[in-house]
Amino acid sequence: MVDSLFLGIAVLTIVSAIAALEMRSLIYGGIALMGTLGGIAGFFILLDSPFVALFQIAVYVGSIAVLILFTIMLVKNELIFQKKEDPKRRYAGIALMLILMISLGAVIFNSGLSSITTEEPPVDYKEIGEDFLIYYWPALIAMALVLSGSITGAMILARRQDGVEDEQRTD
Amino acid sequence: MSVIAPKFRLGYLIKAITDNIFWIIVLLTLIGLPAVMIVLIYIDFPVIDGEIWNPFRVFDAMTHPERSLPLVKNFMQTDFFKIAVFPGLGFAALIGGGVIFVERKLLAKLQLRVGPFYCGKVEGILQLVADGLKLISKEIIIPAKADKPIFWAAPVLFAATAAAFVALIPVAPGWVVADIDLGLLAVFAVIGFFPIITVLSAWSANSKYPFIGGIRALFQMVSFEIPLILSLLGIVMLTGTLDLVEIIESQVNFPWIIFMPIGAIVFFICILAELERIPFDLPEAESEIVAGWLTEFSGMMYGLVQLGTYIKLYAFAALFVVMFLGGWNGPWVFPIEPIAEVITDGIVIMPGALTVELSGLPLFSQEMINGTIWFVLKTVAVIFFILLPRGVFPRVRIDLLLKIGWYKLIVLAFVNIFIALALVYSGVIGPGGIM
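As the structure is a prediction and not an experimental result, all values here were calculated from the model. (Residues numbered from 1 in each chain as written. Chains lettered and ligands numbered in written order. Predicted model: local features only at pLDDT ≥ 70, side-chain atom pairs only at ≥ 80, totals over all residues. Heavy atoms only, no water.)

> Looking at this structure, how should I read the interface of chain A and chain B?
It is common to report an interface's size as the accessible area lost on association of the parts. Counting residues at the interface gives 23 residues for chain A, matched by 24 residues for chain B. Summing both sides of the interface, chain A and chain B together bury roughly 2,000 Å²; the carbon and sulfur share of this comes to 78%. Sorting the residues of chain A by area buried against chain B places A:Leu54, A:Phe70 and A:Met73 first, and these three jointly supply 26% of that buried surface. For the interface between chain A and chain B, the tally reads zero salt bridges. Where chain A touches chain B, the interface holds one residue pair in polar contact (both at pLDDT 80 or more). For the side of chain A that touches chain B, the secondary-structure elements that each account for two or more residues are α2 (26-46), α3 (50-74) and α6 (125-134) of chain A. Broken down by element, the side of chain A that touches chain B gets its largest block of residues, 13 residues, from α3(A). (Contact = heavy atoms within 4.5 Å. Buried area = accessible area lost by both parts, 1.4 Å probe. Salt bridge = Lys/Arg side-chain N within 4 Å of Asp/Glu carboxyl O. Polar contact = N/O pair within 3.5 Å; in protein donor to acceptor, adjacent residues only side chain to side chain. Helix = DSSP H or I, 4+ residues; strand = E, 2+ residues; numbered from the N terminus.)

Below you can see the structure in the form of structure tokens.
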């Protein structure tokens, strides 16, 4: 049962990833990307970590994919994408990917990682939260500072320079 | 002689009917019965109450309906029943359909109109059926330059996502379709799909008004999702769980709205915005952009979107009840124990002569009936408060809407979280406190 599920999700993920790269229509490419990200969430469920899976769906499928779709819809695609058809590049890319995958797979298969079996229950998300707040709190605060700094920087960069006030604002 | 069937004769009608009956009998005996027999060879019959149920027992139960109680009871424990009928789609669609009618009638009364009146003689009670028949029988028109696959898929996906939301809502003790530990997170994940479907369907129609409506819906839903999630975090901190069933069970003594009224208000306003209801109905503003992102839908496609909208309305109201109003908890209004003699001896209709023995009673546990009564009452009350602004308020402007979402509601949600933290750390709630 789990094997067939795994195979199904793997096929979904890989096929939609290829579709996301190869689709002519950018919108369909975006939808295929959503399929890939959802397939990864399926892997997380199979690996007994529903917490990560649900966040994967909520953040990547629910927010990032919406941002991508929204950007595609608002931008005229001729302006940013110039179609350069070059079959040599494609074959080179496929060959490079195959070499990478085979070498990575060889490393993983030889590392003994494939023979590990555990009987331990899945990690409770409460323990992860406690670890974050007790043991890793400096990292958490550093991350928060970096994030808020980057948001502030983005807001400063996006601010209007010409000083034109929006005339419709009444409040 | 009528115009519709000019060559009508009663003899022809009778001949056609008898002809059809003849062929049905012939086909049933020659093909139907052997096929049934072949299928029956390969089927394992279920064992219910220590007896094997075969087709003959089913026929027997048809003549004595009280003997089919174990079968009904067994059916009610299956997943199919839960998904399709009680806590799932059928229940939600029933409440949604009722809400459509009540909304029209209520708005009419608020605005001193009559509302639906003629269908079904009594206060237009059959208006909903008439509308449904009209939607089903209308032609589905697809715009010539629309992106057809997405345009077809969008209404189905919308209704399916709303149904997935309903599946997470616990209605009575033990009666929930998908009982998972991380129910609240799953709710957030499901809510995240609505903007995608909206903006995709708006784009695929390839028309001006749907696209404007879709963009507005995207802005509105994405910006109100954040205070929606934040306003529920206080309760998660107080209960220490994301499981909706455990959150309901933590409210046996008092509902959380007593301690977090600010969170409840923020959550309620976010519900209004997520459901695109007045005063936040900019995505479908009918006086500005025809019908917003629904403009190009026709026939049953529009009906499906409408069904999804009202199922979503029920699900959000039910989530409010689960989080803030204590779910199924409430005083007993239904007798705690069923009458003992009925279970042991059966119902005596004529003393000494006729006794009906019912082997499958009680059909529902009393706890479940009581819980469902309270849950439905609370949900209907919340739905009433969601409907009410439609008769009262005008539509807000888009920049004011975004300002409410980003500046005010998020701040209030954080205030709510700090109240929750203060309650936990001061020891009012939690270990040593009243819980």
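There is more to say after this.
> Is there a simple way to think about the packing of aromatic side chains in this case?
In this description, an aromatic ring pair is defined by two values, namely the gap between the centres and the angle between the planes. All names here are of chain B. Counted under the stated rule, the structure contains 23 aromatic pairs over all chains. Between Phe-158 and Phe-194, the aromatic rings sit 5.5 Å apart at their centres with planes inclined by 65°, giving edge-to-face as the arrangement. Taken together, the residues Phe-158 in helix α7 (residues 148-167) and Phe-194 in helix α9 (residues 193-204) connect sequence positions 36 residues apart. By the burial criterion, Phe-158 is buried, and Phe-194 matches it. (Phe/Tyr/Trp six-rings, centres within 6.5 Å; stacked < 30°, edge-to-face > 60°. Buried < 20%, exposed > 50% of the residue type's maximum accessible area, 1.4 Å probe, protein only.)

> Explain the packing of α2(A) against α3(A) to me, please; I cannot follow it from the model alone.
The geometry of a pair of packed helices is captured by two quantities: the angle between their axes and the separation between those axes. All names here are of chain A. Direction vectors running N to C along α2 and α3 enclose 175°, while the axes themselves pass 9 Å from each other. In this view, α2 runs roughly antiparallel relative to α3, as classed from their interaxial angle. The segment α2 lies against α3, with Leu-26, Ile-27, Gly-30, Leu-33, Met-34, Leu-37, Gly-38, Ile-40, Ala-41, Phe-44 and Ile-45 engaging Val-52, Ala-53, Gln-56, Ile-57, Tyr-60, Val-61, Ala-65, Ile-68, Leu-69, Ile-72 and Met-73. Classifying every residue of the contact of α2 with α3 gives 19 nonpolar, three polar and no charged. (Axes fitted to C-alpha atoms, helices over the stretch in contact; angles between N-to-C directions. Parallel < 35°, antiparallel > 145°, perpendicular 65-115°, else oblique. Nonpolar A, V, L, I, M, F, W, Y, C, P; charged D, E, K, R; others polar.)

> How should the pattern of salt bridges be read in this particular structure?
Opposite charge on two side chains makes pairing possible when the charged atoms of those side chains draw close. Residue and element names in this part refer to chain B. Scanning all chains against the criterion turns up eight salt bridges over all chains. As a salt-bridge pair, Glu-103 and Arg-390 come within 2.6 Å of each other at their nearest N and O atoms. Separated by 287 residues along the polypeptide, Glu-103 in helix α5 (residues 89-110) and Arg-390 in the loop between α15 (366-387) and α16 (398-425) bring together distant segments of the chain. A salt bridge links Asp-131 to Arg-104; the shortest N-O distance between them is 2.8 Å. Of this pair, Asp-131 sits in helix α6 (residues 127-137) while Arg-104 sits in helix α5, placing them 27 residues apart in sequence. Counted as one network, the salt bridges with shared partners bring together Arg-216, Asp-281, Glu-288 and Arg-395.

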